[in-house]
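A closer look at the structure
Chain residues, written in single-letter form:
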Amino acid sequence: MQSYQIPGPKGTAVLDLQEQFLSPSISTPMPLIWESAKDCIVTDVDGNRYIDFTSGVLVTNTGHCHPRVVKAVQDQAAILLNCYDSAHPLRSKFVEKLASLMPEDLKRVLVLSSGSEAIDAALKIARVSTGRQEVIAFDNAFHGRTFGGMSVGGMVGSKAGFGPLVPGILRASFPDYYRMEGTEEEIDARCLANLETVLKTQSTGSVAALITEAYQGGAGSIIPSKRFVHGLRDFCKRHDILLIFDEVQASFGRTGRMFAFENYEIVPDVVVLGKGIASGLPTAAVVARRSVMDGLKRGSLSSTYGANPLSCAAGIASIEVIQQENLAHRAEVVGKKMVKRLNEMKERHRFVGDVRGMGLALALEFVKDKQTKEPDPEFTQQFVRELLQAGLSAMAPIGRFGNVVRIAPPLTITDELADEGLDIIEGVLQRH
Ligand code: PMP
């Protein structure tokens, strides 16, 4: 196995300069100093090459710098960069394209610049549409860093010190089959029953919406069952509450379908999109039922950069690439193969407590002891650093206990490269 000195001399200089001026608030960076990336290979400023298992942060589903996306952005950059809320052909085409992918009457699209901004917009839309204010959100959820996003978020990390939060957030339990007691069915039943209790004990009778991630990413890629998500859909219908599906990191082929809600065979009322939507151009969107979004007043929700021409160009090209290269299907096929190998590693290696995955959104959870399931954040930190030194770009650990490593290569990854990356993972595990 190769062993890079990381960061190298050029990388160290970049880091030194950054340290002097960049806000310390950004998330813990990995010591890989990116210079360029092409498809599934990243090159750092010292010339080292890595297989990418990050897609940035689940953004470049189409592969880094896909030629069609790059060309679309370059062509558009040469003729128009900004026109604020004025119409332009690519905006019309982009919203039409997004709407055409959605079922039922989910045909109204608001284009914005970041996932957090889109979450805030979804919460505002729910208030206006229902005339109610409260929102049910889950323990350990992550929905972004705006006031709305962090208020519905259920982990302390992104909100510590930033209060007071938006009022009217009611807290419910999300199923974690690895860590909760009981069978999947029992856990689902308990969590769904808990929702009824939340209504009876926490609400003032003014619930507008329930917001859920398609799978809980920040909490450690915790994937709910189809049964649980059906239960959510049913609960929202019975109580006349909007179901907001946060797919910011789960859509555009990542989970093996264009949109993650398709895996669960339900239709939400509001869908929040981001990350993979435009392969790296800062873009996000809220798609809602016509009946939900049509009550908004003109001028009440928009932004300087929402639906800017570059985002629309990149968004249209990304969707076309995902469709024409059949990337959702590819994510499903490659993801299954990778999960199989990762599960074999779990049998052989004492630190691997759990393997989870949906398409190419995969995760490994590390524990000190498989019986007690005591989290092992120290090993997890060491593990991702060793992966990097061996030529595999991995994201910094996440999860409630900092003991989960996400594996999320671009959906264009070949079987051979996926295997090479897994060989590196296995090689590092074998050392311990
Ligand atoms: N929701 C989810 C589920 C996310 O994963 C993220 C980003 N990690 C966000 C919202 C916030 O998106 P952004 O960082 O683009 O504001």
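Side note on the overall build of the protein
A count of helices and strands for the protein gives 14 helices and 14 strands. For the C-alpha atoms alone, the extent of the protein along its principal axes is close to 60 × 60 × 45 Å. Considering only contacts within the protein whose residues lie at least 6 apart along the sequence, 73% involve residues at least 24 apart. Taken as a whole, the protein presents about 18400 Å² of accessible surface, with 53% of it coming from carbon and sulfur. Within the protein, the 50 negative side-chain charges are centred at a point lying 4 Å from the centre of the 47 positive side-chain charges.

Topic: helix 14 (residues 415–430)
Here helix 14 contains 16 residues, and its C-alpha end-to-end distance of 22 Å stays within 8% of the 22 Å for a straight helix at 1.5 Å per residue. For helix 14, the set of buried residues is Leu417, Ala418, Gly421, Leu422, Ile424, Ile425, Glu426, Gly427, Val428 and Leu429.

Overview of the pairing of strand 3 (residues 49–52)
Here strand 2 (residues 41–44) pairs with strand 3 via three bridges, running antiparallel. Among the inter-strand pairings, Ile41 is bridged to a residue of strand 3, identified as Ile51. In this structure, the hairpin formed by strand 2 and strand 3 is closed by a connection of four residues, where Gly47 is found at a positive phi of approximately 90°.

Re the domain arrangement of the protein
Splitting the protein by domain gives domain 1 (9–62 + 326–430) and domain 2 (69–324). The C-alpha-based centres of domain 1 and domain 2 are spaced at 25 Å. Contacts between domain 1 and domain 2 engage 37 residues on the former and 34 residues on the latter. Interface area, domain 1 with domain 2, both sides summed: about 2800 Å², of which 53% is carbon and sulfur.

Describing the packing of helix 7 (residues 184–201) against helix 8 (residues 226–238)
It is the contact of helix 7 with helix 8, at a shortest axis distance of 10 Å, that shows an interaxial angle of 20°. Taken together, the axes of helix 7 and helix 8 lie roughly parallel to each other. For helix 7 against helix 8, the interelement crossing comes out right-handed. Contact residues: helix 7 offers Glu184, Glu185, Asp188, Cys191, Leu192, Leu195, Glu196 and Leu199, while helix 8 offers Arg227, Phe228, Gly231, Leu232, Phe235 and Arg238. When grouped by side-chain class, the residues that make up the contact of helix 7 with helix 8 number seven nonpolar, one polar and six charged.

Quick look at the side chain of Asp246
Mapped onto the elements, Asp246 comes out in strand 8 (residues 242–246). Buried and unpaired, Asp246 has Lys275 as its nearest opposite-charge partner, separated by 8.9 Å. Separated by 2.8 Å, the side chains of Asp246 and His143 make a polar contact. From its side chain, Asp246 meets the backbone nitrogen of Val248 in a polar contact 2.9 Å long. Setting aside residues no more than four positions away along its own chain, Asp246 makes contact with Ile119, Phe142, His143, Thr212, Glu213, Ala214 and Val272.

Some details on the sheet that holds strand 11 (residues 352–358)
Here we have three strands laid out as an open sheet, ordered 11-12-14, and antiparallel in their pairing. The open sheet has two edge strands with one neighbour each: strand 11 and strand 14 (404–407). Averaged over all pairs of adjacent strands, the angle between their axes in this sheet comes to 15°, without regard to strand direction. In terms of strand pairing, strand 11 meets strand 12 (residues 361–366) through six bridges, oriented antiparallel. When the sheet's bridge partners are listed, Met358 is paired in strand 12 with Ala361.

With respect to the pattern of salt bridges
This structure, assessed with the given rule, holds 30 salt bridges. Across the salt bridge formed by Asp415 and Arg330, the nearest N and O atoms sit 3.4 Å from each other. Highlighted residues: Asp415 in helix 14 and Arg330 in helix 12 (residues 327–348), separated in sequence by 85 residues. Arg330 gets classed as partly exposed once you look at its relative accessible area, which sits at 26%. Bridged by salt links that share partners, the residues Glu104, Asp105, Arg233, Asp269 and Arg289 form one connected network.

Observations regarding the site of the ligand
Every residue close to the ligand is listed here: Ser114, Gly115, Ser116, Phe142, His143, Gly144, Glu213, Asp246, Val248, Gln249 and Lys275. One nitrogen or oxygen atom from the main chain of Gly115 is found 2.8 Å from an oxygen atom belonging to the ligand. Residue Asp246 places a side-chain N or O atom 2.7 Å away from a nitrogen atom belonging to the ligand. Across the complex, the protein chains shield 79% of the 390 Å² of accessible surface that the ligand would expose by itself. Counted by class, the shell around the ligand contains two nonpolar, six polar and three charged residues.

Thresholds applied
- Residues numbered from 1 in each chain as written.
- Predicted model: local features only at pLDDT ≥ 70, side-chain atom pairs only at ≥ 80, totals over all residues.
- Heavy atoms only, no water.
- Helix = DSSP H or I, 4+ residues; strand = E, 2+ residues; numbered from the N terminus.
- Contact = heavy atoms within 4.5 Å.
- Areas by Shrake-Rupley, 256 points an atom, 1.4 Å probe, with all protein chains shown as cover.
- Lys, Arg positive; Asp, Glu negative; His and termini not counted.
- Charge placed at Lys NZ, Arg CZ, Asp CG, Glu CD.
- Expected span 1.5 Å × (residues − 1).
- Buried < 20%, exposed > 50% of the residue type's maximum accessible area, 1.4 Å probe, protein only.
- Pairing = 2+ DSSP bridges.
- Domains from an automatic or database assignment.
- Buried area = accessible area lost by both parts, 1.4 Å probe.
- Axes fitted to C-alpha atoms, helices over the stretch in contact; angles between N-to-C directions.
- Parallel < 35°, antiparallel > 145°, perpendicular 65-115°, else oblique.
- Left-handed = near helix turned anticlockwise from the far one by under 90°.
- Nonpolar A, V, L, I, M, F, W, Y, C, P; charged D, E, K, R; others polar.
- Salt bridge = Lys/Arg side-chain N within 4 Å of Asp/Glu carboxyl O.
- Polar contact = N/O pair within 3.5 Å; in protein donor to acceptor, adjacent residues only side chain to side chain.
- Near = heavy atom within 4 Å.

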